[in-house]
Amino acid sequence: MSAETVAPSGLETHGLVAGYERDLPIVRGVNLSVGAGEFVVLLGPNGAGKSTLVKAIAGLVPIHHGSVRFNGEDITAAPAHEKIRRGLAFVPQTENVFATLTIEDNLRLAADLLPKRVRARRIAELYAMFPDLAAQPRRPAGQLSGGQRQMLAAARALIVQPSLLILDEPSAGLSPKMATEVFSRLKAINASGVTIILVEQNVKSALAVASRAIILVEGEARHEGPAATLADDPIIAELYLGAARART
Amino acid sequence: MSPQILMDGLINGAMIGLGAIGITLTYSILRFSNFAHGEFIAWGAYIALALSGFLGVLAPSLTAPLGPFSFGWSLPIAAFGAIALTAALALLADALLFGPLRARGGASIILVMASFGAALVLRNLLEFIFTSRPAYYADGLQIALRFLGVRATPDALLCLLVAAIVVVATHLFITHTAVGRAMRAVSENPELAGIVGVDSRKTIRLVWILGAGLACLAGIMAGLVVQIRPTMGVDLLLPLFAAAILGGIGSTPGALLGGLIIGLAESTTVRLIGAEWRAAVAFAVLVVILLVRPRGLFGRS
């Protein structure tokens, strides 16, 4: 995939090779370009390297070759805690809330990055966006349902008003109703100007909300296109989703 | 339980509790049992002794006893310097030993063994500098006060008060400040804490500073109430771990409560059975907790 159409205010990766062990890369030379305001979904069969790719971008998996640029800056070597300060927020698939901390403390933890005078206002704004959380601020996050945890994780990521929000399978383990709720929230967040990169197994729902899709197979970005086109393309579905699934 | 056993247990337990907070913080955030923590207690006591003596030479009036207490202004002033220097010692140990081992992905057992080594070096160094002869912050004998059927020295009562204030302050610091939230976050999930913007390295440094500072304070108290010896830290180690595990790893109030329970158990044993069984009590309590409730009173499951 070419990285020629680079948006200066977006995210781009060049020849990204990443994995927990240097000799066994899971992501193998991925070139990615996501422009500001886009809603991109990363699809692919299990083991394709989707989660590893987004974790590498977030600073959680070692990058062995290539580079990551965000809003024009090289953030390849930046540790995870610096990336959120630059506006790149990541929500992992599991263990994405601090179970022993209350909802309020989970949000405050992220708000601590902001100037003191705006912290309370920003938390109030997030409570307004996620009323379920506002109803029980002193409740330990470990007592929340799967859907509520995803909402809390997303709310915490949004506290610092990131320009890019990356989510790793936010619908995993959720009921269809709750998954629909999550996708609808993500669409609204994207409409407010936040760029979204979404890793999903729930192909139909993800393509319904995303503007563009990128398909990863065996650690490589093999195809991309407008989400609407991809959803209706039986050949692509067979080649990159069905066929790849059949192999695994 | 007689009031005197209760008083002795509370005074002993307050010292154990303060030391156990450092153990519990180190364990929950750095994820290893730091057997060198007892040496921070001993070093804290000796640094305070040295600084206090130095201040006494500079200004002899600072050694004049303060009211009913056995010490003068030189000790409280020296305590601040000792806390800072003990914290610096802990940071140095982390920079030279524990940090590099963590960076290499060293397993918990490697860090534990390294802490054993560090403890030996620190203890022998202390003995080399100050000799093994017991030392005291003040020479004079202190008369115990009698009230409500118990006897306690003003120094011991002050230690109890200071320990209570420090534990409450530490608990509020951990539960109500941004730094405390960061510590709890790193303790639960370091990777997620990084994503949220917490700098784990900075948090780890703060944990060393806080743990060593409290250890120093516990050492000064032990020096005031008992005596100062190079082995005072290692002698306290078992009760410290028993208190931290009894309270529940990661829980500050748990560490204090665990310390008080161990302290009471020790003072009861000394009175009813004999002083030679004192150390066995902490060990017995530790074994029972590990068998019955491994997560302790307030620990996470």
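Positions within a chain are numbered from 1, following the residues in the order the chain's sequence is written. Key to labels: chains lettered from A, ligands numbered from 1, both in the order written. It should be noted that, the model being predicted, local features are given only for residues of pLDDT at least 70 and side-chain atom pairs only at 80 or more, the latter also being counted only at that level, while totals for whole chains, interfaces and linings use all residues.

K.L.:
What's the story with the overall build of chain B in this structure? I'm lost.
P.N.:
For chain B, the count of helices and strands is 11 helices and two strands. Put simply, DSSP marks the helices as runs of H or I at least four residues long and the strands as runs of E at least two long, and each gets a number from the N terminus on. For chain B, the succession of helices and strands along the chain, N to C, is α-α-α-α-β-β-α-α-α-α-α-α-α. Over its C-alpha atoms chain B spans a radius of gyration of 19 Å, differing by no more than 12% from the 19 Å that the globule rule assigns to 301 residues. Each residue is classified by how many other C-beta atoms fall within 10 Å of its C-beta atom, where C-beta atoms are placed from the backbone; a count of 20 or more means buried, 12 or fewer means exposed, and values in between mean partly exposed. Counting all 301 residues of chain B, 50% fall into the buried class. The globule rule used here is 2.2 Å times the number of residues to the 0.38 power, and the radius of gyration it is set against is calculated over C-alpha atoms.

K.L.:
What is the right way to look at the overall build of chain A in this model?
P.N.:
Of regular secondary structure, chain A possesses 10 helices and 10 strands. By its C-alpha atoms, chain A is 50 × 40 × 30 Å across when sized along the principal axes. Counting only residues that meet the buried cut, chain A has 44% of its 248 residues in that class.

K.L.:
When you look at the interface of chain B and chain A in this model, what are you seeing that I'm missing?
P.N.:
How big an interface is tends to be stated in terms of the accessible area lost upon association of its parts. Working definition of a contact: two residues with C-beta atoms, positioned from the backbone, lying within 7 Å. Counting from both sides, the interface comprises 15 residues of chain B and, opposite them, 22 residues of chain A. Mapped onto the side of chain B that touches chain A, the elements with two or more residues apiece are helix H6 (178-188) and helix H7 (190-196) of chain B.

K.L.:
How should the sheet that holds strand S3 (residues 39-43) of chain A be read in this particular structure?
P.N.:
Sheet strands pair via backbone hydrogen bonds, and the direction of the pair is either parallel or antiparallel. All names here are of chain A. Each pair of strands is called paired provided DSSP finds at least two bridges between the two strands. Pairing within the open sheet is mixed, and its six strands lie in the order S6-S7-S8-S3-S9-S10. Whereas interior strands pair on both sides, the edge strands pair on one side only; in this sheet they are strand S6 (88-91) and strand S10 (220-226). Sheet twist, expressed as the average angle between the axes of neighbouring strands with direction ignored, equals 15°. The pairing of S6 with strand S7 (residues 164-168) spans four bridges and is parallel. From the neighbouring strand, Ala 89 faces S7, where its bridge partner is Leu 165. In this analysis, axes come from line fits to C-alpha atoms, helices being fitted only over the stretch in contact, and the angle between any two N-to-C directions falls in the range 0 to 180 degrees. Across the sheet, helix H1 (residues 50-58) touches S3, S6, S7, strand S8 (195-199) and strand S9 (212-217), and the angle it forms with S7 is around 145°. Across the sheet, helix H7 (residues 176-191) is in contact with S3, S7 and S8; its angle to S8 comes to roughly 150°.

K.L.:
How should the pairing of S3(A) be read in this particular structure?
P.N.:
A regular strand carries its side chains on alternate faces of the sheet. Residue and element names in this part refer to chain A. When you tally the buried positions in S3, you get five out of five residues, the bulk of the element. Across four bridges, S3 lies against S8 in parallel orientation. From the neighbouring strand, Phe 39 faces S8, where its bridge partner is Ile 196. Pairing between S3 and S9: four bridges, direction parallel. Within S9, the residue paired with Val 41 across the bridge is Ala 213.

K.L.:
Even after reading the chapter, I still don't get the environment of Pro162(A), so can you show me in this structure?
P.N.:
Residues and elements named next belong to chain A. Mapped onto the secondary structure, Pro 162 falls in the loop between helix H6 (146-158) and S7. A residue is classified by how many C-beta atoms lie within 10 Å of it, and Pro 162, with 19 of them, is partly exposed. Sequence spacing of Pro 162 and Glu 38 is 124 residues, and the spatial spacing of their C-alpha atoms is 14 Å. The contacts of Pro 162, once residues within four sequence positions are left out, are Gly 87, Leu 88, Ala 89, Ala 157 and Val 194.

K.L.:
Got a minute to help me understand helix H9 (residues 232-247) of chain B in this structure?
P.N.:
Given 3.6 residues per helical turn, the α-helix brings residues three or four places apart onto the same face. All names here are of chain B. Working rule for helices: expected span equals 1.5 Å times residues minus one. With 16 residues, H9 extends 22 Å between its outermost C-alpha atoms, agreeing within 8% with the 22 Å of an ideal straight helix rising 1.5 Å per residue. Leu 238 marks the point of greatest bend in H9, at about 35°, and the proline Pro 239 comes within the next four residues. The buried fraction of H9 amounts to 13 of the 16 residues, a majority that puts the element mostly inside the structure. After H9 finishes, the residue Gly 248 shows a positive phi value of roughly 105°. To obtain the bend at a residue, axes are fitted to the seven residues ending there and to the seven starting there, and the angle between these axes is taken.

K.L.:
Any chance you could explain the packing of helix H5 (residues 154-176) of chain B against helix H8 (residues 200-225) of chain B here in plain terms?
P.N.:
In helix packing, the relevant descriptors are the interaxial angle and the interaxial distance, both defined with respect to the helix axes. Residue and element names in this part refer to chain B. Running from N to C, H5 and H8 point in directions that differ by 170°, and their axes come no closer than 10 Å. Relative to H8, H5 is oriented roughly antiparallel. Handedness of the crossing formed by H5 with H8: left-handed. Judged by residue contacts, Asp 155, Ala 156, Cys 159, Ala 163, Val 166 and Thr 170 of H5 engage Leu 214, Leu 217, Met 221, Leu 224 and Val 225 from H8. Classifying every residue of the contact of H5 with H8 gives nine nonpolar, one polar and one charged. Just so you know how the angles are binned, under 35 degrees is roughly parallel, over 145 roughly antiparallel, 65 to 115 roughly perpendicular, and the rest oblique. It is the rotation of the near helix from the far one that decides the hand of a crossing: anticlockwise by less than a right angle makes it left-handed, clockwise makes it right-handed. Here the term charged refers only to Asp, Glu, Lys and Arg, the term nonpolar to Ala, Val, Leu, Ile, Met, Phe, Trp, Tyr, Cys and Pro, and the term polar to all other amino acids, Gly among them.

K.L.:
Mind showing me how you'd approach the sheet that holds strand S1 (residues 11-18) of chain A here?
P.N.:
Residue and element names in this part refer to chain A. Strand order in the open sheet made by the four strands is S2-S1-S4-S5, with antiparallel pairing throughout. Whereas interior strands pair on both sides, the edge strands pair on one side only; in this sheet they are strand S2 (27-34) and strand S5 (73-74). Along the sheet, H1 makes contact with S1, S2 and strand S4 (63-70), crossing S1 at roughly 115°.

K.L.:
Even after reading the chapter, I still don't get the nonpolar core, so can you show me in this structure?
P.N.:
Nonpolar side chains in soluble globular proteins tend to be buried together. One finds Val41(A), Leu42(A), Ile166(A), Leu198(A), Ala210(A), Ala45(B) and Ala244(B) to be the most contacted residues of the largest nonpolar core, which totals 172 residues. Apart from the residues within four sequence positions on either side, Val41(A) is in contact with Leu198(A), Glu200(A), Ala206(A), Leu207(A), Ala210(A), Ala213(A) and Ala227(A). To define a nonpolar core, we join buried Ala, Val, Leu, Ile, Met, Phe, Trp, Tyr and Cys residues through C-beta atoms within 7 Å and take the resulting set.

K.L.:
Before we go on, may I ask you to explain the environment of Phe35(B) in this structure?
P.N.:
Of note, Phe35(B) is situated in the loop between helix H1 (3-30) and helix H2 (37-58). Residues in contact with Phe35(B), not counting those within four places in the same chain, are Val112(B), Ser115(B), Phe116(B), Ala119(B) and Leu237(B).

K.L.:
I tried to follow the confidence of the model for chain A on my own but got confused; where do I start?
P.N.:
Of all residues in chain A, 90% attain a pLDDT of 70 or more, and the chain-wide mean is 88. pLDDT: the predictor's confidence for each residue, scored from 0 to 100. Here residues 1-7 of chain A is a poorly scored stretch, pLDDT under 50, and it has 14 contacts once near neighbours within four places are set aside; other chains count.

K.L.:
What should I look at first to understand the environment of Ser267(B) in this one?
P.N.:
Residues and elements named next belong to chain B. Inspection of the secondary structure assignment puts Ser 267 in helix H10 (residues 252-272). In this structure, the C-alpha to C-alpha distance between Ser 267 and Thr 175, residues 92 residues apart in sequence, is 32 Å. Here Ser 267 is in contact with Ile 5, Asp 8, Gly 9 and Asn 12, once residues within four sequence places are set aside.

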